[in-house]
Amino acid sequence: MNGTALPRRSTGPAPAVLGLRQNLAQFMLLVAVNALVGGTLGQERTVLPLLAAQEFHLDQYTSALTYILAFGLSKAAMNYFAGTLSDRYGRKPVLVAGWLAAVPVPLMLIFGPSWGWIVAANVLLGISQGLTWSTAVIMKMDLVGPKQRGLAMGFNEAAGYLGVAATALATGYLATAYGLRPAPFLLGAAYIALGLGLTVLAVKETHHHARTEAFQHVGSQDSAHAGLSTGQVFTLTSFKDRSLSAASQAGLVNNLNDGLAWGLFPVLFAGAGLSLGQIGILAAAYPAAWGAAQLVTGAASDRWGRKWFIAAGMLVQAAALGIIASAHGFGPWLAAAVVLGLGTALVYPTLLAAIGDVAHPAWRARSVGVYRLWRDGGFAVGALLSGVLADLYGIPAAIAAVAVLTAASGVVVAVRMRGNDHALRQGQSQDSK
C-alpha cells in the first residue's frame, strides 16, 4: 500500500498544509460566510411566529409551527446529502448551490398571500441552510486538521449564531418601526446576495485538505476505517459507535428544544404583554449568549475533552427551560434565555468536534451529514411535540416536558459516550509532526 501511494502523491499536486494559522485568511472568510448563513435564518426568529398569529390568524400552535416542521425536515435531509455531495463533487459547488436555493426565500416571505407560501419558503430555507451550514462546517474541519477542531467549530458556530442573534434583534426593531412585512425580510435578502457573491468570488475548494489528512489518519476504532460505504457510515454514526450515536441523539434533542424556543417563546412573551422590542431582545439573547460563548467552549473542549462539556450543557439547558416554564416577566426570562444560550454553547461546537474525533477523513463529511440529519431532525420533532403539547396543556407545560427530555439526553451522553476519543486524536496529531 505505501509503495503505491507515494508515487501517486509525488506526481499530483503538493499536499495541502493543515492548520488554522496556515489557512487563516480562508478560514476567516468562511467564518464571515457562516455569519451570513446565520443571519439568513435569523430574519425569521422574531417575526414569523407573530406573523402566523397576527396576519394569518393561526390560533392553534400545531398549525402555526408547520413552518418549523417544514424547515427541519428539509434541512435535515440536505445535511445528509451535503456530506455525500461534497465528497463527490467538492465543497465549493455545494456551498454555491445552498446560496442559490435561498434566493427566492425573502420574496416569498414578503409577498406570500397564504400560510402555504410561508411553509414553502421554509422548505427552501431548510435546503439552503442544510447545504451552506454543513459545508461551512466541513470546510473548516478540512482546513484546521485534528489538533484545533474544537476551536474551529467554536468559531464556526459562534459566527452563525451571532448572525442569528443580531438579525433577530434587528428585525424586531424593523418590525416595530415598519411592520412585520416587508422591512425585516429585506435584511435577509441583502445577506443572501452578499453570501453568494463572496462564495463565488473568494471561497476556495478545501477537499484536498481532507485528502492530505487522510494520509496521516489512524482510526481510533477498528470499525472506523477509511473504506466504509455510505450505508455503513450512517449505521455507525447513528447507532453502532458509542460516541457517534450519543452525539447524534444529543444533537437531535438540542435542536428539539431550539425548535421550541423558535416557535413558542415569542408567542409566550407576546401573551404576557411584552412589546415587540422586548420580544426581539429575548429572541436575540439566547443565540447571542450561545454564539459568543462558543468562542471559549469549542477551544476548551480541545484541551479537556468533549464528553463532560456535552453532558453538562444538556443539563444546564434543561434547568434554563424549567425556569422559562415557571417564570413571568422580562427580567427572569432574559436571565433564563442567557443561561439557555450558555448551556447550548457547551454542547453545540463540542458535538461537531466529537464527530470529527472519531470519523475518518475519507468519510468525515458523510458522518457530519448523518449527525446533522439527526440533529436538525430535532426541529421537526420539536415543532410537532411542542405544538401538540402546547395545544393540549399550554405553552409552559410543553416547555417543561422538553426540559425533562433534555436532561435525559445529558444522562445518555454521560453513560454512553467514550471519554478518550479527543485524547487519541490529539496524540495522533502530535505523532504526525
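A brief look at the structure comes next. None of the values given here were measured: they were computed from a predicted structure.

Criteria and cut-off values
Residues numbered from 1 in each chain as written. Predicted model: local features only at pLDDT ≥ 70, side-chain atom pairs only at ≥ 80, totals over all residues. Heavy atoms only, no water. Helix = DSSP H or I, 4+ residues; strand = E, 2+ residues; numbered from the N terminus. Contact = heavy atoms within 4.5 Å. Areas by Shrake-Rupley, 256 points an atom, 1.4 Å probe, with all protein chains shown as cover. Lys, Arg positive; Asp, Glu negative; His and termini not counted. Charge placed at Lys NZ, Arg CZ, Asp CG, Glu CD. Salt bridge = Lys/Arg side-chain N within 4 Å of Asp/Glu carboxyl O. Axes fitted to C-alpha atoms, helices over the stretch in contact; angles between N-to-C directions. Parallel < 35°, antiparallel > 145°, perpendicular 65-115°, else oblique. Left-handed = near helix turned anticlockwise from the far one by under 90°. Phe/Tyr/Trp six-rings, centres within 6.5 Å; stacked < 30°, edge-to-face > 60°. Buried < 20%, exposed > 50% of the residue type's maximum accessible area, 1.4 Å probe, protein only. Lys NZ or Arg CZ within 6 Å of the ring centre and 35° of its normal. Core = buried A, V, L, I, M, F, W, Y, C linked by side-chain atoms within 4.5 Å. Patch = residues over 30% accessible without salt bridge, like charges linked within 9 Å, V, L, I, M, F, W, Y side chains within 5 Å. Polar contact = N/O pair within 3.5 Å; in protein donor to acceptor, adjacent residues only side chain to side chain.

**Re the overall build of the chain**
Along its length, the chain carries 19 helices and zero strands. Projecting the C-alpha coordinates of the chain onto the three principal axes gives extents of approximately 70 × 45 × 35 Å. Restricting to contacts in the chain with at least 6 residues of sequence separation, those with at least 24 account for 88%. Element-wise, carbon and sulfur atoms account for 69% of the exposed surface of the chain, whose accessible area totals about 15500 Å². The centroid of the 27 positive side-chain charges in the chain is displaced by 8 Å from the centroid of its 17 negative side-chain charges.

**With respect to the pattern of salt bridges**
Taken as a whole and assessed by the stated rule, the structure comprises twelve salt bridges. For Asp-357, the salt bridge identified is with Arg-306, shortest N-O distance 2.8 Å. Of this pair, Asp-357 sits in helix H16 (residues 330-358) while Arg-306 is found in the loop between helix H14 (276-304) and helix H15 (307-326), placing the two residues 51 residues apart along the sequence. Because the salt bridges share partners, they merge into one network encompassing Asp-87, Arg-91, Asp-142, Arg-364 and Arg-366.

**A few points about the packing of helix H12 (residues 230-240) against helix H17 (residues 364-393)**
The N-to-C vectors of H12 and H17 enclose an angle of 50 degrees; their axes lie 9 Å apart at closest approach. Here H17 runs oblique to H12, going by the angle between their axes. For the crossing formed where H12 meets H17, the hand is right-handed. Two secondary-structure elements touch here, H12 through Thr-230, Val-233, Phe-234, Thr-237, Ser-238 and Phe-239 and H17 through Arg-366, Ser-367, Val-370, Tyr-371, Leu-373 and Trp-374.

**Observations concerning the packing of aromatic side chains**
This model, assessed by the stated rule, comprises 19 aromatic pairs. A ring pair is formed by Phe-234 and Phe-239, whose centres lie 6.4 Å apart and whose planes are at 75 degrees; its orientation type is edge-to-face. On the basis of relative accessibility, which here comes to 24%, the residue Phe-234 falls in the partly exposed class. An aromatic cluster is built from Phe-56, Tyr-67, Phe-71, Trp-115, Trp-262 and Phe-379, whose rings are joined through pairwise contacts. In this structure, Lys-75 is placed above the aromatic ring of Trp-133, and the distance from its NZ or CZ to the ring centre is 5.3 Å. Here the basic side chain of Arg-303 rests over the ring of Trp-304, its NZ or CZ set 5.8 Å away from the ring centre.

**Regarding the nonpolar core**
In terms of nonpolar packing, the biggest core is built from 110 residues, with Phe-265, Phe-269, Leu-321, Ile-324, Trp-333 and Ile-399 touching the most fellow members. With 14 residues, helix H13 (residues 242-271) is the single largest residue contributor to this core. Residues within four places of Leu-321 in sequence aside, it is in contact with Asn-257, Leu-260, Phe-265, Leu-340, Ile-399, Val-402, Ala-403 and Thr-406.

**Looking at a nonpolar patch on the surface**
Judged by side-chain polarity, Phe-81, Leu-85 and Tyr-89 come together as a nonpolar surface patch covering roughly 300 Å² of accessible area. Note that Leu-85 resides in helix H5 (residues 66-89). When its relative accessible area of 30% is taken as the criterion, Leu-85 is described as partly exposed.

**Examining the side chain of Ser-245**
Counting through the fold element by element, Ser-245 comes out in helix H13. For Ser-245, a relative accessible area of 7% translates into the label buried. Among the polar contacts made by the side chain of Ser-245, one reaches the side chain of Arg-416 at a distance of 2.9 Å.

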